[in-house]
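Observations on the three-dimensional arrangement
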Amino acid sequence: MGWFRAGSSVAKLASRRTLSQGGLYTARSRIVPSQNHYFHTTVFKSKAQSAPVPRPVPLSKLTDSFLDGTSSVYLEELQRAWEADPDSVDESWDNFFRNFVGQAATSPGISGQTIQESMRLLLLVRAYQVNGHMKAKLDPLGLEEREIPDDLDPALYGFTEADLDREFFLGVWRMSGFLSENRPVQTLRSILTRLEQAYCGSIGFEYMNIADREKCNWLRDKIETPTPMQYNRQRREVILDRLIWSTQFENFLATKWTTAKRFGLEGGETLIPGMKEMFDRAADLGVESIVIGMPHRGRLNVLGNVVRKPLRQIFSEFSGGTKPVDEVGLYTGTGDVKYHLGTSYDRPTRGGKRIHLSLVANPSHLEAVDPVVVGKTRAKQYYSNDVDRTKNMAVLIHGDGSFAGQGVVYETLHLSALANYTTGGTIHIVVNNQVAFTTDPRAGRSSQYCTDVAKALNAPIFHVNGDDVEAVVHACELAAEWRQTFHSDVVVDLVCYRRFGHNEIDEPSFTQPKMYKIIRNHPSALQIYQNKLLESGQVMKEDIGWISEKVSKILNEEFLASKDYVPKRRDWLSAYWTGFKSPEQLSRVRNTGVKPEILKNVGKAITTLPDNFKPHRAVKKVYDQRAQMIETGEGLDWAIGEALAFATLLVEGNHVRLSGQDVERGTFSHRHSVLHDQETGEQYCPLDHVIINQNEEMFTVSNSSLSEFGVLGFELGYSMENPNSLVMWEAQFGDFANGAQVIFDQFLSSGESKWLRQTGLVVLLPHGYDGQGPEHSSARLERYLLMSGDNPFVIPEMDPTLRTQIQECNWQVVNVTTPANYFHVLRRQIHREFRKPLIVMSPKNLLRHKAMSLMMRERRTRLLMLLYVVWSSFARSLMTSSSESLSDIQRLFGAKKNQ
């Protein structure tokens, strides 16, 4: 159908030429009130006193050549060829002429329909599909001023008022919706009416940029139904109940805690029934678990009404009751504000199923949680053997300003189709308040919509008026269906408003006086929906009153119960983490060594290549040398030490995942974990063949996209799902880690203290002044030391085994100098009863240094593992002292090495 897609602008020019015959044509992009609302105002500036009314021109009368910009001559030639022999033209043209010419010959009502009119009508329909969203009623406040495109004006295509009751046939080969071949003949009036209802109502659809006919036809079938979608009375009662819960929850908090920050959802209350219906539909389609990430706005409402966190607990947190009772071995951490906390719950659905919901805790940094959620979802899919990626799904809720402005959004979106990062599609919901704190959209983005960044993925975008709760529900259900059908991202843009300021004690009229003058007198979505249902007669006033009283009663009961509520031990770890120790529970020390015979067996497996595999000769030499190392037990280098650590963990049943830029080969060409056949291009990974029938994802090594923030966040989320996995992220160079500083500051270094979430993520940062310039030298060791511990001036007591200190710290910062050290420090991440992040200053020139090689029986010697709490205390003291400098820290490290 290339002629259809490419011919739009060409035919538009032809139409304008036709319409301008005898006069100068101008079209205003403004709808004026009239009895017929299909037509924009059109002004004809006539050269003569009375200009002729434009009429459709038969093909034979057109004088434009194909090269001049129209396809009339080409169409005539095709038609003559078809009339002589239908088999002489392409099948698509055969269907075209058979439908239009054949129908016209047999149907008296459309006997006057010319091919030119048919083409123009097709272009008109396509204009609505492409640009109908520009005319949709999306802004509940009516503040947005948008120009309606000229190509939505039927007059542009030569149609007049006199054509409204003429019948037309629209069928096209291999198309769905309005253009399907089985649609009946309709009048132009009915066609325009349905186009307006489908594309210019409360939902604006953007999908015609998707270069996939199947996907577009699927959406057309959902959008271009013969009649508008209507919910029955039962569904409307459910939607009403959920909207009342959402609205009264916010009203209740506002009444009880008038000056508390809660970042309420007022103005966007329809998010709650939309999310609930989305989850219900997803469960019906096979989803069993959903991981949710969202900012602070509306979080308490989502926690209470969607994820079902006990209301009394939420109310207790408003009164300061956030600490659990004293209990032996109970670690409470520092805590965090209530609108940053997460929880999980098994929620029953409307369809009678149960779905597990996890709301991930997040910092104030907007969108930083996005890759964490996606990574956690991918891990759930691995551990539940969700190969089709239909049982576990990620849902991300965004703000309009942050979705357009934060680069991590783009980084996360571009992980969606990568083989080792995809989750089978994420549903994105943008709570579009039409203002970001105090910044108007025109100052916050260059694009028309805040969601335009998602077009890079060819994701469909459903813009929906937040005051129309049924439209919100429909868009959310459609998003769930898309995700389960095509396993790709989809965006719901919930265009709403923020009834109060950025927080409840903020004054928004300082910066948006016009907007808030309208908001003060604007009815809530609940009031609008109640009036709609009362007018329809489907719901009585008594029914609404009964639901409101029920909700109010429950809220008050929970409020009273919150006064005596005693926080219980937090469900701070998932089922996989049962038995793991908190920082206040002493863990036993485990041996990280491996028997020599096991090392030899796995060593042979990871150095043996298939007979018919032809690697690069230099790589073949490397593997021959590694095989010799294993055979003799001598001269083992850094790469083989790492590979042996991975292989032994795999043999013990642990999942190993290494990700980052160029990690398959290694930045310094030392790892070569994935080999490439020099003749066929086929890839081979020896670590995929350590055990018999090994799961292809049990060992994963993957070059990532050129992203630090997004990929490190992804691996962090992945590591949080299951402790029995070694998850690693390697920076291309250590200094590149500063591109992911938010993850280090807000999650890795402080997540356990704030949210009681452990992770054993390993971060490899290549470090060393090896003549590659200032950009690729230091991994900034001092930064990680400065972020260690709580008190910069107190050195903690060190017991003989260091067991207490290692558990109380926030992370481990180490500088290992031999392959033996590296081997054991990696295995130690798995072989203990708690998890801590590990920051490794990876070497460069030591990777192949002969002095760093070892024998297989060698124990942990020449160990330089800087105990971060002690040394960070020294570092911070020195940094704040006027008489010391960074060189003193280096001197102390050297002294430690010689001890």
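Preceding this section is the structure that the text describes.
Residues numbered from 1 in each chain as written. Predicted model: local features only at pLDDT ≥ 70, side-chain atom pairs only at ≥ 80, totals over all residues. Heavy atoms only, no water.

With that settled, the discussion passes to the overall build of the protein. What the protein contains, in helices and strands, is 30 helices and 20 strands. Split into buried and exposed, the 899 residues of the protein put 57% on the buried side. Long-range pairs, those at least 24 residues apart, make up 78% of the contacts in the protein between residues at least 6 apart in sequence. In the form shown here, the protein has an accessible surface area of approximately 38200 Å², with 51% of it arising from carbon and sulfur atoms. (Helix = DSSP H or I, 4+ residues; strand = E, 2+ residues; numbered from the N terminus. Buried < 20%, exposed > 50% of the residue type's maximum accessible area, 1.4 Å probe, protein only. Contact = heavy atoms within 4.5 Å. Areas by Shrake-Rupley, 256 points an atom, 1.4 Å probe, with all protein chains shown as cover.)

Okay, the sheet that holds strand E12 (residues 490-495) next. Within the open sheet, the eight strands sit side by side as E5-E11-E12-E10-E9-E6-E8-E7. Their pairing is mixed. Two strands in the sheet have a free side with no partner beyond their single neighbour: strand E5 (203-206) and strand E7 (343-348). In this sheet, neighbouring strand axes are inclined to one another by 20° on average, regardless of whether the strands run parallel or antiparallel. Across four bridges, strand E6 (residues 289-293) lies against strand E8 (residues 354-359) in parallel orientation. Counterpart to isoleucine 290 in the pairing with E8 is leucine 357. (Pairing = 2+ DSSP bridges. Axes fitted to C-alpha atoms, helices over the stretch in contact; angles between N-to-C directions.)

All right, on to the packing of aromatic side chains then. What the rule picks out here adds up to 20 aromatic pairs. Where phenylalanine 646 meets phenylalanine 699, the ring centres are 5.8 Å apart and the plane angle is 40°; that geometry is what we call tilted. With phenylalanine 646 in helix H22 (residues 638-651) and phenylalanine 699 in strand E16 (residues 699-703), the pair connects residues that are 53 residues apart, well separated along the chain. Take phenylalanine 646: its relative accessible area is 1%, and that puts it in the buried class. Ring centres of phenylalanine 733 and phenylalanine 736 lie 5.9 Å apart, and the angle between their planes is 80°; this geometry places the pair in the edge-to-face category. Judged by relative accessible area, phenylalanine 733 falls into the buried class, the value being 8%. Ring-pair connections join several aromatic residues into one group, and the members of that group are Phe252, Trp257, Phe315 and Phe559. The ring centre of phenylalanine 559 lies 4.6 Å from the NZ or CZ of lysine 256, which sits over that ring. Sitting above the plane of the tyrosine 421 ring, arginine 657 keeps its charged end 5.2 Å from the centroid. (Phe/Tyr/Trp six-rings, centres within 6.5 Å; stacked < 30°, edge-to-face > 60°. Lys NZ or Arg CZ within 6 Å of the ring centre and 35° of its normal.)

Phi is mostly negative for residues that are not glycine, and the peptide bonds are mostly trans. Even without being glycine, histidine 487 reaches a positive phi, approximately 55°. Relative to the helices and strands, histidine 487 is located in the loop between helix H16 (469-486) and E12. Of the residues examined, histidine 487 reaches a relative accessible area of 34% and is grouped as partly exposed. Of note, the phi angle at arginine 780 is positive, near 60°, even though the residue is not glycine. Relative to the assigned elements, arginine 780 resides in the loop between strand E18 (762-766) and helix H26 (781-786).

Before going further, it helps to spend a moment on the pairing of E7. Pairing between E7 and E8: six bridges, direction antiparallel. Considered in E8, the bridge of threonine 343 is made with leucine 359. In textbook terms, the turn of a hairpin is the stretch between consecutive antiparallel strands, and for E7 and E8 this stretch comprises five residues, one of which, glycine 352, has a positive phi near 90°.

Within the largest apolar cluster, 102 residues are counted, with the highest numbers of intra-cluster contacts made by Tyr199, Phe315 and Phe462. The biggest single contributor to this core is H16, with eleven residues. In this structure, this core is formed jointly by two domains, domain 1 (107-224) and domain 2 (233-319 + 333-564), each of which donates at least three residues. If near-sequence neighbours (up to four positions away) are discounted, tyrosine 199 is found in contact with Tyr128, Gln129, Gly132, His133, Ala136, Phe178, Gly204, Phe205, Tyr207, Arg220, Ile223 and Glu224. By size, the runner-up hydrophobic cluster in this structure holds 87 residues, among which are Leu341, Val372, Ala779 and Ile839. (Core = buried A, V, L, I, M, F, W, Y, C linked by side-chain atoms within 4.5 Å. Domains from an automatic or database assignment.)

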